[in-house]
Amino acid sequence: MDQDTAIGGPHGRFPSTRISLLEAATGGMPNEALERVIALYWKPVYRFIRFKFRKDNEDAKDLTQSFFTTALERDFFARFDPSKASFRTYLRMAVERFAANQHAAANRQKRGGDIEFEPLEEQAAEAESPERVFEREWQRQLFALALDDLRAHCEASGKELQLRIFEAYDLAGQERPSYAGLAAQHGIAETSVTNHLAWARRMLRGFVTERLRGVTSGDRELREEMRRVWT
Amino acid sequence: MDLSDSVLDHLRHMAALPDLTGTRYELEREIGRGGMGVVYAARDRELDRRVALKVLDAELEGEARLIARLEHPAIVPIHEAGRLPDGRAFYAMKLVAGVRLDHHLARSPSLAERLRAIRRVGEALAYAHTAGAIHRDLKPQNVMVGEFGELYVMDWGVDAVAGTPGFRAPETPLDRRSDIYSLGALLQFVLPAGGPPALRAIAAKAMRADPADRYPDAGALLADIERFQEGLAVGAWSEPWGHRLRRFGSRNAVLLWLLAAYAGVKFVLFFLRNL
């Protein structure tokens, strides 16, 4: 299977997310609003299109790019009604309609053409629905952006030790080191390890919340989306 | 580099846990999820006792203040309310050892026990309404029955989006009459299959679509239940004659037996006099 795209990352610093998505979109900052949306949703949309419409990497990238370009041209935010659905659901449904139309048009053009092969890995992924893949990627991207924010904050405020301990423990892919091991490695007390981890998690939670605030319509939607993020 | 599924799940879990650094509490485990947040069992180190710690999702400090004002035997007492270092509002309350009302019903309690539970909930509601509080999410999962039969109404809400299908009144915004609807739904829920029609009628009246057609307050609903338990006609039901006679018979059984005995004696005496 061809590799996933690198577009949409790595994640640089991002415009302020202190105001909600709709405030940004209607307050003369539609480009900033879209930038926030793209930073968080580019990969989920891309993965959703790949799995839902069985597109290869390049086609999925093109469709994703076209979707966001069209969204900007067609007053995408003005048509979002927070009383009907979350922005996440609204966006996924818009992607689905957009990609379905494009997919149908492409199929009409090549009707009678070659048989489309389905890569093996994609068949395996069908155990998960495309909607589930979308939500999972949304969570993954949200945390990736919040981790970028955390790293930037630690670098700017001289909290590299806290960051190193956090990365060693909470981002450990395999076996997690013990608190005692981390304390010995960094020459600090075990309680300091606990405190540093608590601090980093608190900051991470704050950055996740801020990122979410930037792509939700207000407190109510923010709260509902947070419930979908925390386990 | 993308986060792996396992790292992502770990981060989601760790970032969700309440940050209790600098507080008197020590986290034990999650014990439930309510409409507004998550409830944990925790240990209060200063007083060496276990408490329930409710951590609210967002800016909902009003909920804690609202409940802290309520002092009633069927409303779980609040020990402390505050803000965690991570910014979330929380409150610590008595940790109730017991089961949810829906689980309690699985033990097949008697009708009298079921009605006692409804009365306790209704009394708590009536009190809260006079104090200006509205529950907004009354349902069996929010009623705890303790091991000695004590009962607590939990999860008092302040959010306009609260409510659970089946127990939530249709109107928006929710008000005191919406709680009456939920109390009716709770009564309907606790009644056993084929429960008395008078009680079903009380539940139906409480659950009318138009709030103006419901009981005006929890007290009026409880009064109708009490009338049923005393063998009197309930206001919510226009009773058929057959039911009325049966109810009259069972309510005045002693009198009827005395009258029957008197008539029997008179008959025997009459019979003996004419021998």
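Residues numbered from 1 in each chain as written. Chains lettered and ligands numbered in written order. Predicted model: local features only at pLDDT ≥ 70, side-chain atom pairs only at ≥ 80, totals over all residues. Heavy atoms only, no water.

**Q** Describe the overall build of chain A, with residues and values.
**A** Looking only at helices and strands, chain A features 10 helices and zero strands. Start at the N end of chain A and walk to the C end: the helices and strands fall as α-α-α-α-α-α-α-α-α-α. Split into buried and exposed, the 231 residues of chain A put 46% on the buried side. A sequence separation of at least 24 residues applies to 68% of the contacts in chain A between residues at least 6 apart. When the accessible surface of chain A is totalled, it reaches about 11600 Å², and 49% of it is carbon and sulfur. (Helix = DSSP H or I, 4+ residues; strand = E, 2+ residues; numbered from the N terminus. Buried < 20%, exposed > 50% of the residue type's maximum accessible area, 1.4 Å probe, protein only. Contact = heavy atoms within 4.5 Å. Areas by Shrake-Rupley, 256 points an atom, 1.4 Å probe, with all protein chains shown as cover.)

**Q** Tell me about the interface of chain A and chain B, and name the residues and values.
**A** Facing the 28 residues of chain A at the interface are 28 residues of chain B. Summed over both sides, the interface of chain A with chain B buries roughly 2600 Å², with 53% coming from carbon and sulfur. Where chain A packs against chain B, one counts five salt bridges. Of the charged contacts in the structure, one is a salt bridge between Arg140 of chain A and Asp5 of chain B, with a shortest N-O distance of 2.9 Å. Inspection of the region where chain A meets chain B yields 13 residue pairs in polar contact (both at pLDDT 80 or more). Only helix H6 (130–156), helix H7 (160–170), helix H9 (190–213) and helix H10 (219–229) of chain A provide two or more residues apiece to the side of chain A that touches chain B. Residues belonging to the side of chain A that touches chain B are distributed by class as follows: 12 nonpolar, four polar and 12 charged. (Buried area = accessible area lost by both parts, 1.4 Å probe. Salt bridge = Lys/Arg side-chain N within 4 Å of Asp/Glu carboxyl O. Polar contact = N/O pair within 3.5 Å; in protein donor to acceptor, adjacent residues only side chain to side chain. Nonpolar A, V, L, I, M, F, W, Y, C, P; charged D, E, K, R; others polar.)

**Q** Can you break down the confidence of the model for chain B residue by residue, with the values?
**A** Do not read the predicted coordinates in detail wherever pLDDT is low. All names here are of chain B. Taken over all residues, the pLDDT of chain B has a mean of 87, while the share at 70 or more is 93%. The least confident element of chain B, judged by mean pLDDT, is helix H2 (residues 61–69) at 69; the most confident is helix H5 (residues 176–190) at 96. Scored by ipTM, the complex comes to 0.81, with pTM at 0.66. (pLDDT = per-residue confidence, 0-100.)

**Q** Summarise the side chain of Asp19 of chain B; cite the residues concerned and give the values.
**A** Relative to the helices and strands, Asp19 of chain B is located in the loop between helix H1 (5–16) and strand E1 (25–33). The class of Asp19 of chain B is buried, set by a relative accessible area of 8%. Engagement of the side chain of Asp19 of chain B in a polar contact is seen with the side chain of Arg202 of chain A, the distance being 2.4 Å.

**Q** Outline unusual backbone geometry, listing residues and values.
**A** Residues and elements named next belong to chain B. For the peptide bond that leads from Thr172 to Pro173, omega is -5 degrees, which places it in the cis range. The residue Arg136 is not glycine, and still its phi comes out positive at about 75 degrees. Relative to the elements of secondary structure, Arg136 occurs in the loop between helix H4 (111–130) and strand E7 (143–146). Despite not being glycine, Asp155 shows a phi value in the positive range, around 60 degrees.

**Q** Describe the environment of His103 of chain A, with residues and values.
**A** Residues and elements named next belong to chain A. If you trace the backbone, His103 turns up in helix H4 (residues 87–109). Accessibility expressed as a relative area gives 18% for His103, which makes it buried. In this structure, the C-alpha to C-alpha distance between His103 and Phe53, residues 50 residues apart in sequence, is 7.4 Å. Every residue in contact with His103, bar those within four places of it in the chain, is listed here: Phe53 and Lys55.

**Q** Provide a residue-level description of a nonpolar patch on the surface, including the pertinent values.
**A** Residues Val265, Phe267, Val268, Leu269, Phe271, Leu272 and Leu275 of chain B make up a contiguous nonpolar surface patch of about 760 Å² in total accessible area. Within the element layout of this structure, Leu269 of chain B appears in helix H9 (residues 253–273). (Patch = residues over 30% accessible without salt bridge, like charges linked within 9 Å, V, L, I, M, F, W, Y side chains within 5 Å.)

**Q** Account for the pattern of salt bridges, naming residues and giving values.
**A** Pairing of side chains with opposite charge becomes possible as their charged atoms draw close. Under the definition given, this model contains 32 salt bridges over all chains. Where Lys43 of chain A meets Asp2 of chain B, a salt bridge forms, and the shortest distance between an N and an O atom there is 3.3 Å. Taken together, the positions of Lys43 of chain A in helix H2 (residues 30–53) and Asp2 of chain B in the segment before H1 put the pair across two chains. For Asp2 of chain B, a relative accessible area of 41% corresponds to the partly exposed category. For the salt bridge of Asp148 of chain A with Arg151 of chain A, the shortest nitrogen-to-oxygen distance reads 3.6 Å. Placement of the pair is Asp148 of chain A and Arg151 of chain A together in helix H6, with a separation of three residues, close to one helical turn.

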